[in-house]
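The lines below spell out each chain.
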Amino acid sequence: MRVFKEKVVTAWKLTLPAILLSLLLEFSAGIFLGKYFEKLMLHYPLILVVLPGLMGLRGNIFGALSSRFTSALYLGEIEPKLKDRKVLEIILTGVSLSLLPVAILWLVSVVKLGLDNAIVVFAILLASTIFVSMVLGLTAASVTIIPFRREIDPDAIATPVVTSVADLLTIPTLILFVLLFETHEGVFLFALIFFLVLFGVMGVKYKISKKIFFELSTVLIVLAAVSSISGALLETFSREIHESLIFSILYPAIIGSLGNFGGVVGARTSTKLHIGEVERFFEKETLLDILALTTLTLPLASIMYSSGVLVAYFIFGKVPGVYYFFFPFYMLTALFVMLLGNFISVAFHKFGFDPDNVTVPAITTLADLIGTALTITLSLLF
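Residues numbered from 1 in each chain as written. Predicted model: local features only at pLDDT ≥ 70, side-chain atom pairs only at ≥ 80, totals over all residues. Heavy atoms only, no water.

Colleague: Just checking my understanding: could you explain unusual backbone geometry for this structure?
Modeller: For residues besides glycine, phi is generally negative; the peptide bonds are generally trans as well. Although it is not a glycine, Asn117 sits at a positive phi angle of roughly 65°. As for its placement among the helices and strands, Asn117 is situated in the loop between α3 (85-113) and α4 (118-149). Judged by its relative accessible area of 30%, Asn117 is partly exposed. In this model, Leu245 sits at a positive phi of 60°, which is unusual for a non-glycine residue. Checked against the element boundaries, Leu245 lands in the loop between α8 (238-244) and α9 (246-274). (Helix = DSSP H or I, 4+ residues; strand = E, 2+ residues; numbered from the N terminus. Buried < 20%, exposed > 50% of the residue type's maximum accessible area, 1.4 Å probe, protein only.)

Colleague: Looking at this model, I keep getting lost on the side chain of Thr129. Mind explaining?
Modeller: Looking at the element boundaries, Thr129 is found in helix α4. For Thr129, a relative accessible area of 0% corresponds to the buried category.

Colleague: How should the pattern of salt bridges be read in this particular structure?
Modeller: Charged atoms that come close allow side chains of opposite charge to pair. One pass over the structure, following the stated rule, counts three salt bridges. Of the charged contacts, one joins Glu235 and Lys112 as a salt bridge, the two residues approaching to 2.7 Å between their closest N and O atoms. Of this pair, Glu235 sits in helix α7 (residues 210-236) while Lys112 sits in helix α3, and the two are 123 residues apart along the sequence. Residue Lys112 is classed as partly exposed on the basis of its relative accessible area, which comes to 36%. Taking the shortest distance from any N to any O, the salt bridge between Asp289 and Arg268 comes out at 3.9 Å. Linking Asp289 in helix α10 (residues 284-294) with Arg268 in helix α9, this pair joins segments that are 21 residues apart in sequence. Under the relative-accessibility criterion, Arg268 is labelled buried at 14%. (Salt bridge = Lys/Arg side-chain N within 4 Å of Asp/Glu carboxyl O.)

Colleague: Even after reading the chapter, I still don't get the nonpolar core, so can you show me in this structure?
Modeller: Looking at soluble globular proteins, one finds that nonpolar side chains tend to be buried together. Ranked by internal contacts, the top residues of the largest apolar core, which has 124 residues, are Leu250, Phe261, Met304 and Phe326. Examining the composition of this core, we find that 16 residues originate from one element, α4, more than from any other. Setting aside residues no more than four positions away along its own chain, Phe326 makes contact with Phe247, Leu250, Ile254, Ala301, Met304, Tyr305 and Leu378. (Core = buried A, V, L, I, M, F, W, Y, C linked by side-chain atoms within 4.5 Å. Contact = heavy atoms within 4.5 Å.)

Colleague: It is not clear to me how the environment of Leu298 should be interpreted in this structure. Could you clarify?
Modeller: Looking at where Leu298 falls in the secondary structure, it is placed in helix α11 (residues 297-316). The exposure class assigned to Leu298 is partly exposed, which follows from its relative accessible area of 41%. When the C-alpha positions of Leu298 and Leu23 are compared, they lie 14 Å apart, and in sequence the two are 275 residues distant. Dropping the residues within four chain positions of it, Leu298 is found in contact with Phe327 and Met331.

In short, geometric facts, not functional conclusions.
Laid out in structure tokens, this is it:
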């Protein structure tokens, strides 16, 4: 019991603030999504198909890299400095990896919906991906190195922060480039060329990590296929989600927070596998960690829903009702995602994969799919 109490205290002291910060960032994204959801639905449906994958896979890639940074710091493979050459090479690897799922998701969206606006959407995706990926690379390095210097476990906070910054930047950046293209096409083209040149200069100066690139790229191809299912579901049920309003606002927070819970457990299990503290599925200590994190789900669900209601009222002038089924549905889903995160980490390790490279991308992508299904279910019940 004493051990469990300590884990609960750790969850509330370290993980809760990180996830609350994540919720704040995700609600900023949710406001943008709620405001421009109808525009995307009617004029850029290709982006709706791509959106869950973009939000998830960007967070997945840099969540995995933050896990890689943590293990490398504990093993003494890199110096706890942002200017360390290996740190910059890992960041470049992340930017390169981010372009792979974009191409796959774009192709899937074209197959589903046709070529209307396809070239414009691809240009928007390309510019936003390079920009957001560079910011996320620096974020992933910072939220592991800085806590490590202060003797704080980076695994407890890195994944929620990185995935949430990805969610925060993805939607506003996409919409910014959409509006920029519609109003100032010349400026949009200049920005696209600038980001392409910047990426090329980095590629000349630094080398990507081939091991991380090829191991993660294989996984990303599979995960992009899974994310395309999430995107297809989002686009197919976009009218139901739009009509509910509150769930179009809550969507980034739902999939982001579920991914955060799964990512924290997966990253923590991954680190313990590397240092030999975990050998099998569902160790007692891991289950206690999951139960401790589960105590956060009810207050988070309450904050999430009440914030959604306030956003709907003050920004959109509508007052959604209180739908009590949201709370048990969310809590049980979060518990399931955490158990799945632990299982995936150990399973990949047993099959010879480096869990640092694949666990966070796998669990957060699956969390996106699960969260999308949950959002659709809630919207239909609404």
